[in-house]
Amino acid sequence: MKFNILIVDDEKNIREGLGQSLTMDGYKVYLAENGKKGLEAINSNDIDLVITDLKMPELSGEQLLKKVTSTNPNIPVIILTGHGSIETAVNAMRDGAFDFLTKPVNLDRLSLLVKRALSSRQLVLKHRELEEEVKRLSSRQKFSSIIGKSAQMRKILEIIDQVADTKASVLITGESGVGKELVADAIHNLSRRRDNSFIKVHCAALSENLLESELFGHEKGSFTGAIARKRGRFELADKGTIFLDEIGEINQSVQIKILRVLQEKKFERVGGEDTIDVDVRIISATNKDLKDEIEKGAFREDLFYRLNVVNIHVPPLRERKEDISLLAAAFLKELSEENGKKIDGIDPKAYLALYEYNWPGNIRELRNCIESSVVMCKGNIISLEDMPPSITAESSSDYIKLTPGITLEDAEKEVIRMTLIHQKGNKTKTAEVLGIGRKTLHRKIQEYQLEAVEAKV
Ligand SMILES: Nc1ncnc2c1ncn2[C@@H]1O[C@H](COP(=O)(O)OP(=O)(O)OP(=O)(O)O)[C@@H](O)[C@H]1O
Ligand SMILES: [Mg+2]
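Residue numbers here run from 1 along each chain, matching the order of that chain's written sequence. Chain letters start at A and ligand numbers start at 1, both assigned in the order the entries are written. Given that this is a predicted model, residues contribute local features only at a pLDDT of at least 70 and side-chain atom pairs are listed and counted only at 80 or more, while totals for whole chains, interfaces and linings are drawn from all residues. As a rule here, side-chain values cover all heavy atoms of the structure and leave hydrogens and water aside.

Visitor: Explanation requested: the overall build of the chain in the structure shown.
Guide: Tallying secondary structure elements over the chain gives 20 helices and 16 strands in all. The C-alpha radius of gyration of the chain comes to 30 Å, more than 25% above the 23 Å expected for a compact globule of 457 residues. Seen through its principal axes, the chain has C-alpha atoms that stretch 95 × 55 × 35 Å. Sorting the 457 residues of the chain into buried and exposed places 50% on the buried side. A sequence separation of at least 24 residues applies to 69% of the contacts in the chain between residues at least 6 apart. Only the protein chains shown count as cover for residues, and the accessible areas themselves come from Shrake-Rupley with a 1.4 Å probe. Surface accessibility of the chain: about 23200 Å² in total, with carbon and sulfur atoms responsible for 49%. Here Asp and Glu are counted as negative and Lys and Arg as positive; His is not counted, and neither are the chain ends. Positions of charges follow a simple convention, taking NZ of Lys, CZ of Arg, CG of Asp or CD of Glu. Here the chain contributes 68 positive and 71 negative side-chain charges, whose respective centroids are spaced 2 Å apart. By the criteria applied, helices consist of DSSP H or I runs no shorter than four residues and strands consist of E runs no shorter than two, each listed in order from the N terminus. We compute the radius of gyration over the C-alpha atoms and compare it with the globule rule, which gives 2.2 Å times the number of residues raised to the power 0.38. Type-normalised accessible area, obtained with a 1.4 Å probe on protein chains alone, sets the label of each residue: buried when under 20%, exposed when over 50%, and partly exposed for intermediate values. Residue contacts are counted whenever heavy atoms from the two residues lie within 4.5 Å of one another.

Here it is, written out as structure tokens:
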């Protein structure tokens with residue numbers, strides 16, 4: 001990335017001297033002799049950094065600084081100041097200058113300061129790019145709340161799109177916090193049933209008896225406490241969708257009743273004789289392995305097949321790390337707004353920690369991590385210190401963790417991933433260390449979808 005730097009000074013020698021030095025450092029340099037010309041340059045070019053003198057005719061450095069910070073707050077400004085006017089420089093810092101340099105300018109210090117200013121600028125730009133990507137993705141897809149660009153998530157979005165407008169029962173599986181409920185929401189909202197009710201039942205939260213009457217309703221006097229007739233969730237969901245969350249937790253008698261609804265679209269209220277007909281689409285979710293439950297005799301196989309007409313498996317976050325940057329950017333925007341903070345990005349070390357962590361709590365845990373980092377953050381960029389220690393502890397590890405039970409392919413992927421991180425994304429060195437050719441490495445990076453790692457470090 002080639003950066004554009006604007007130097008504003010009414011002294012020709014200084015302007016050109018600094019310009020030459022920065023050109024030699026590889027930057028594209030623009031020169032202006034006063035604040036007014038400087039502003040014009042900013043408006044007509046993509047300026048990444050401004051270095052400006054304070055006292056100039058037309059528009060002073062202070063005025064230029066104020067214009068830049070109010071219209072382009074993400075362009076860092078470095079102030080040049082003569083000896084004895086440190087106080088003005090300090091005031092300028094208060095007005096939002098990135099830093100100041102005293103004249104005569106020490107070129108090494110200039111070079112260092114410029115690098116520092118630009119690296120924070122780069123973070124801001126990268127973060128903005130991610131935000132744009134989130135926006136672009138969510139406007140292109142109809143399920144704006146599901147964020148993700150990994151192949152696995154794209155596949156899931158495709159399935160949602162295909163099944164939404166059918167009546168097929170959908171079973172959503174996956175670990176806790178992967179976004180199962182979000183998928184259920186999307187299916188209902190994309191279906192023709194969207195204007196009718198969407199009833200959610202958290203099956204694990206209710207005792208067995210309560211669950212039955214909650215789902216199917218009861219007649220007055222059918223049990224102690226049944227003081228009036230009550231309509232159940234299935235009745236309420238008529239013409240709409242019912243979401244049975246944690247379906248793995250329900251007992252046999254409820255299982256039989258649900259099976260009957262699926263087969264005959266009929267049921268009776270608890271303690272009731274009338275048969276009630278309903279037209280309900282059933283979406284269920286579980287983080288259990290229902291095949292195991294069937295083997296243990298805890299879950300009916302016939303019900304399983306009826307619920308699982310379409311299966312959507314949402315993989316854990318650690319298996320689709322490409323989604324981390326997008327999710328983090330989206331949560332950062334949402335949560336910094338919610339907490340009234342202005343945060344422009346996440347620094348590279350903190351990013352790496354997000355990337356290396358295993359995320360047992362999946363996206364819910366990532367969201368919590370970003371929320372806590374936003375709250376703890378003192379500046380406008382999230383750094384490693386702002387993040388919960390539980391997440392940063394795993395980072396900075398030089399070990400490759402391989403658990404017995406994984407395939408050779410997974411092991412290879414992990415070794416390549418860690419070496420890439422260790423070599424800070426340098427592919428030539430990574431290939432060297434691994435003892436393979438650059439082309440082979442390149443192919444494997446594509447095959448294992450490690451491009452995100454490469455970009456991240
Ligand atoms: N792809 C995604 N994009 C944006 N937010 C997501 C995504 N996946 C999950 N989330 C967010 O993560 C949190 C957990 O998601 P959700 O409740 O859907 O998970 P779950 O799989 O139902 O978990 P559990 O099994 O614990 O009920 C929610 O705040 C949800 O909005
Ligand atoms: Mg859930």
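Additional details are given in the paragraphs that follow.
Visitor: Sorry, what's going on with the domain arrangement of the chain here?
Guide: Accessible area lost during the coming together of the parts is what is often quoted as the interface size. Partitioning the chain into structural domains gives domain 1 (4–128), domain 2 (163–313), domain 3 (318–392) and domain 4 (408–456). Between domain 2 and domain 3, the C-alpha centre-to-centre distance is 35 Å. On the domain 3 side, the residues contacting the 4 residues of domain 2 number 7 residues. Accessible surface is computed with a 1.4 Å probe, and the buried area is the amount of it that two parts give up when combined, taken over both parts together. Carbon and sulfur atoms make up 26% of the surface buried where domain 2 meets domain 3, a total of about 430 Å² over both sides. Considering only the side of domain 2, the residues that lose the most area to domain 3 are Glu175, Gly177 and Val178, jointly responsible for 83% of the buried surface there. A pairing counts as a salt bridge when a side-chain nitrogen of Lys or Arg comes within 4 Å of a carboxyl oxygen of Asp or Glu. Where domain 2 touches domain 3, the interface holds 1 salt bridge. Domain start and stop points were drawn from an automatic or database domain assignment.

Visitor: Would you explain the sheet that holds strand 13 (residues 281–286) in this entry?
Guide: Adjacent strands of a sheet pair through backbone hydrogen bonds, lying either parallel or antiparallel. Between any two strands, pairing holds if DSSP finds at least two bridges. On the basis of which strands lie adjacent, the open sheet formed by 5 strands has the order 7-10-13-6-14 and parallel pairing. A single partner strand is all that each edge strand has here, and the edge strands are strand 7 (198–202) and strand 14 (310–313). If you compare each strand with its neighbour and ignore which way they point, the axes differ by 15° on average. Axis angles are defined between N-to-C directions and span 0 to 180 degrees, where every axis is a line fitted to C-alpha atoms and, for a helix, only to the segment in contact. Across the sheet, helix 6 (residues 151–163) touches strand 6 (170–173), strand 13 and strand 14, and the angle it forms with strand 14 is around 155°.

Visitor: Please explain the site of ligand 1 as it appears in this structure.
Guide: Throughout, near means a residue has at least one heavy atom within 4 Å of the molecule or strand. Taken together, 17 residues lie around ligand 1, and Ile147, Ser176, Gly177, Lys180 and Arg364 are the ones closest in. Polar contact criterion, stated in full: a pair of N or O atoms within 3.5 Å, where within protein one must be able to donate a hydrogen and the other to accept it, and residues adjacent in sequence count only if both atoms are side-chain atoms. Interatomic distance of 3.1 Å between a backbone N/O atom of Gly179 and an oxygen atom of ligand 1. Here Glu181 contributes a backbone N or O atom positioned 3.1 Å from an oxygen atom of ligand 1. Points on a 1 Å grid, built from protein atoms alone, make a cavity when a 1.4 Å probe fits but cannot get out and make a pocket when they are open with protein on both sides within 12 Å along at least 5 of 7 lines; residues with an atom within 4 Å of a point are the lining residues. Think of it this way: a molecule belongs to a cavity or pocket when more than half its atoms come within 2 Å of the grid points there. More than half of the atoms of ligand 1 fall within 2 Å of the grid points belonging to the second largest pocket. Those elements that provide at least two residues to the shell around ligand 1 are helix 7 (180–190), helix 13 (323–338) and helix 15 (362–376).

Visitor: How do you make sense of the packing of helix 6 against helix 7 when you look at a structure like this?
Guide: Packed helices, taken two at a time, are described by their axes: the angle between them and the distance between them. Two elements in contact, helix 6 and helix 7, have axes whose closest approach is 9 Å; the angle formed by their N-to-C orientations is 35°. When the axes of helix 6 and helix 7 are compared, the crossing they make is right-handed. Mapping the contact onto sequence places Ile156, Ile160, Asp161 and Val163 in helix 6 and Val183, Ala186, Ile187 and Leu190 in helix 7. Grouping the amino acids of the contact of helix 6 with helix 7 by side-chain chemistry returns 7 nonpolar, no polar and 1 charged. Should the near helix be turned anticlockwise from the far one by less than a right angle, the crossing is termed left-handed; should it be turned clockwise, right-handed. Ten residue types, Ala, Val, Leu, Ile, Met, Phe, Trp, Tyr, Cys and Pro, are classed as nonpolar, four, Asp, Glu, Lys and Arg, as charged, and the remainder, Gly among them, as polar.

Visitor: Looking at this model, I keep getting lost on the pattern of salt bridges. Mind explaining?
Guide: Two side chains with opposite charge may pair up if their charged atoms get near one another. A full pass over the atoms with the stated rule returns 37 salt bridges. Between Glu214 and Lys230 there is a salt bridge, and its shortest N-O distance comes to 3.3 Å. Placement of Glu214 in helix 8 (residues 208–216) and of Lys230 in strand 9 (residues 230–231) is noted, with a sequence separation of 16 residues between them. Classification of Glu214 as buried rests on a relative accessible area of 15%. Owing to a relative accessible area of 31%, Lys230 belongs among the partly exposed residues under this scheme.

Visitor: Any chance you could explain the nonpolar core here in plain terms?
Guide: A general tendency of soluble globular proteins is for nonpolar side chains to be buried together. For our purposes a nonpolar core is just a set of buried Ala, Val, Leu, Ile, Met, Phe, Trp, Tyr and Cys residues, chained together by side-chain atoms within 4.5 Å. Core analysis: the biggest nonpolar cluster contains 32 residues, and Ile346, Leu354, Trp359, Leu366, Ile370 and Ile382 have the highest contact counts within it. Every element with two or more residues in this core is listed here: helix 5 (107–140), helix 13, helix 14 (348–356) and helix 15. Looking at which element gives the most residues to this core, the answer is helix 13, with 9 residues. The residues contacting Ile370, other than those within four sequence positions of it, are Ala328, Phe331, Leu332, Leu335, Ile346 and Leu354. By size, the runner-up hydrophobic cluster in this structure holds 29 residues, among which are Phe234, Leu244, Leu262 and Ile282.

Visitor: So what exactly am I meant to see when it comes to the layout of surface pockets here?
Guide: Empty space among the atoms becomes visible once a probe the size of a water molecule is rolled across them. Grid points are joined across faces, edges and corners, and a volume is the space filled by probe spheres set on the points. Reported here for the second largest pocket is a volume of approximately 580 Å³. Looking at the second largest pocket, it is lined by 26 residues, and the ones nearest its centre are Gly177, Val178, Gly179, Lys180 and Arg364. Elements supplying a minimum of two residues to the lining of the second largest pocket: helix 7, strand 10 (241–245), strand 13, helix 13 and helix 15. Here the lining of the second largest pocket is built from residues that sort into 12 nonpolar, 7 polar and 7 charged. Taken together, domain 2 (163–313) and domain 3 (318–392) each give at least three residues to the lining of the second largest pocket, which thus spans both.

Visitor: Any chance you could explain the pairing of strand 6 here in plain terms?
Guide: Side-chain positions along a regular strand alternate between the two faces of the sheet. Of the two faces of strand 6, the one holding Val170 and Ile172 and the one holding Leu171 and Thr173 are both buried throughout. One ladder, built from 4 bridges, connects strand 6 with strand 13; its direction is parallel. Paired with Ile172 across the bridge in strand 13 is Ala285. In terms of strand pairing, strand 6 meets strand 14 through 4 bridges, oriented parallel. The residue of strand 14 that forms the bridge with Leu171 is Asn311.

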